[in-house]
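Summary of the model geometry
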Amino acid sequence: MKYTTRRAVGLGLTGLTALAAFFIVGMLALILLDVARNGARHLSWTFLTQPPSDGMMGGGIFPAIFGTAALTLLMTLAVMPVGVLTAVYLHEYAPPESRFARWVRVAVVNLAGVPSIVFGLFGLGFFILFVGGNLDRLLGYEEMHWAQPSILWASLTLAVLTLPVVIVSTEEALRAVPLEQRTASLALGATQSQTLARVVLPGALPGILTGAVLAISRGAGEVAPILFTGAAYFLPDLPTQLNSQFMHLGYHTYVMATQSPNVTEASGPLYATVLVLLALTFALNLVAVIIRTRTRRKAASAH
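Residues numbered from 1 in each chain as written. Predicted model: local features only at pLDDT ≥ 70, side-chain atom pairs only at ≥ 80, totals over all residues. Heavy atoms only, no water.

To continue, consider the packing of helix α7 (residues 179–187) against helix α8 (residues 192–220). With their axes 10 Å apart at the nearest point, α7 and α8 run at an angle of 130 degrees to one another. When the interaxial angle is binned, α7 and α8 end up oblique. Handedness of the crossing formed by α7 with α8: right-handed. From α7, Gln 181, Arg 182, Ser 185 and Leu 186 reach across to α8, where they touch Gln 192, Thr 195, Val 199 and Val 200. Within the contact of α7 with α8, the residues separate by chemical class into 3 nonpolar, 4 polar and 1 charged. (Axes fitted to C-alpha atoms, helices over the stretch in contact; angles between N-to-C directions. Helix = DSSP H or I, 4+ residues; strand = E, 2+ residues; numbered from the N terminus. Parallel < 35°, antiparallel > 145°, perpendicular 65-115°, else oblique. Left-handed = near helix turned anticlockwise from the far one by under 90°. Contact = heavy atoms within 4.5 Å. Nonpolar A, V, L, I, M, F, W, Y, C, P; charged D, E, K, R; others polar.)

The following block contains the structure:
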């Protein structure tokens, strides 16, 4: 009787889990189908390669595509070294009872729960007003050069936002490297630094790249942190310098959805912009996934 009851409970929980998973996948499929159906009909070569015009009701979205891609790449270049080095210190060098390491882990956990709009205000106060303002004074600029919203400060703000993702995923990847490999390397006379560089990091590289994928997914679609730190309402020119402002697909979507005088007329370009944003995010993720897959294959063939 007890076995029958347990089996019934297990089957019931399995069914509920499967139903919840099916519901989530179904909702995602409906959203993607709706965006693809309404957005594909408005896609054209002009829409993808021209700057916006006629109050953003005409032209295209190329400056927003370029700005989103450049912002995401700069964010990735900024967050990966800091996140990986922090995780390496916490897992490989920090003593088990280190109070400092404990504080860092608590800070990382709390940082992951901070609303994204708070990161935007932090970027405005710290990067633009404090760092940028002091740079302008030190370098002798009479007008604002660094103390203004720009793609550099926006990418650094997003780097701080995605830092917990990279640290946690890298620590998990380092933890997954078998202890036998470390011990064998040390037994053969390698130092801890040599073991880290030649054994541990190559073995953890696929997991580290997983952190990069998650960071790209999180950062590419964020809008709130860049509202105060660099995104422009309308800017047909491309950002050619680190202190230039830029257009962003997410912010462009927000502007068209809330500021357009004719919502019905703007719905077509709006859906097309969302479709391009999703495609760009998937493309950036795909590149990271391909690199991770090839790294795994190389590591497997080496063993």
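As enumerated under the stated definition, the model contains 9 aromatic pairs in all. For the pair Phe 62 and Phe 66, a centre-to-centre distance of 6.4 Å together with 45 degrees between the ring planes defines the contact as tilted. With Phe 62 and Phe 66 both in helix α3 (residues 62–93), this residue pair falls 4 residues apart, about one helical turn. Seen in terms of ring centroids, Phe 122 and Phe 127 are 5.7 Å apart; in terms of plane orientation they differ by 75 degrees. Their pairing is edge-to-face. The exposure class of Phe 122 is partly exposed, given its relative accessible area of 36%. Joined through ring pairs, the aromatic side chains of Phe 122, Phe 126, Phe 127, Phe 130, Trp 146 and Trp 153 make up one cluster. (Phe/Tyr/Trp six-rings, centres within 6.5 Å; stacked < 30°, edge-to-face > 60°. Buried < 20%, exposed > 50% of the residue type's maximum accessible area, 1.4 Å probe, protein only.)

As a further point, take a nonpolar patch on the surface. A surface patch of nonpolar side chains, about 550 Å² in accessible area, is lined by Val 9, Leu 13, Leu 16, Leu 19 and Phe 22. In this structure Leu 19 comes out as exposed when scored by relative accessible area, which is 53%. (Patch = residues over 30% accessible without salt bridge, like charges linked within 9 Å, V, L, I, M, F, W, Y side chains within 5 Å. Areas by Shrake-Rupley, 256 points an atom, 1.4 Å probe, with all protein chains shown as cover. Salt bridge = Lys/Arg side-chain N within 4 Å of Asp/Glu carboxyl O.)

Largest kink in helix α5 (residues 116–139): about 30 degrees, centred on Gly 123. Within α5, the full set of buried residues consists of Ser 116, Phe 119, Gly 120, Gly 123, Phe 127, Ile 128, Gly 132, Gly 133 and Asp 136. Next to the buried residues of α5 lie α4 (99–112), α6 (151–176) and α9 (224–227). (Bend = angle between axes of the 7 residues up to and from the residue.)

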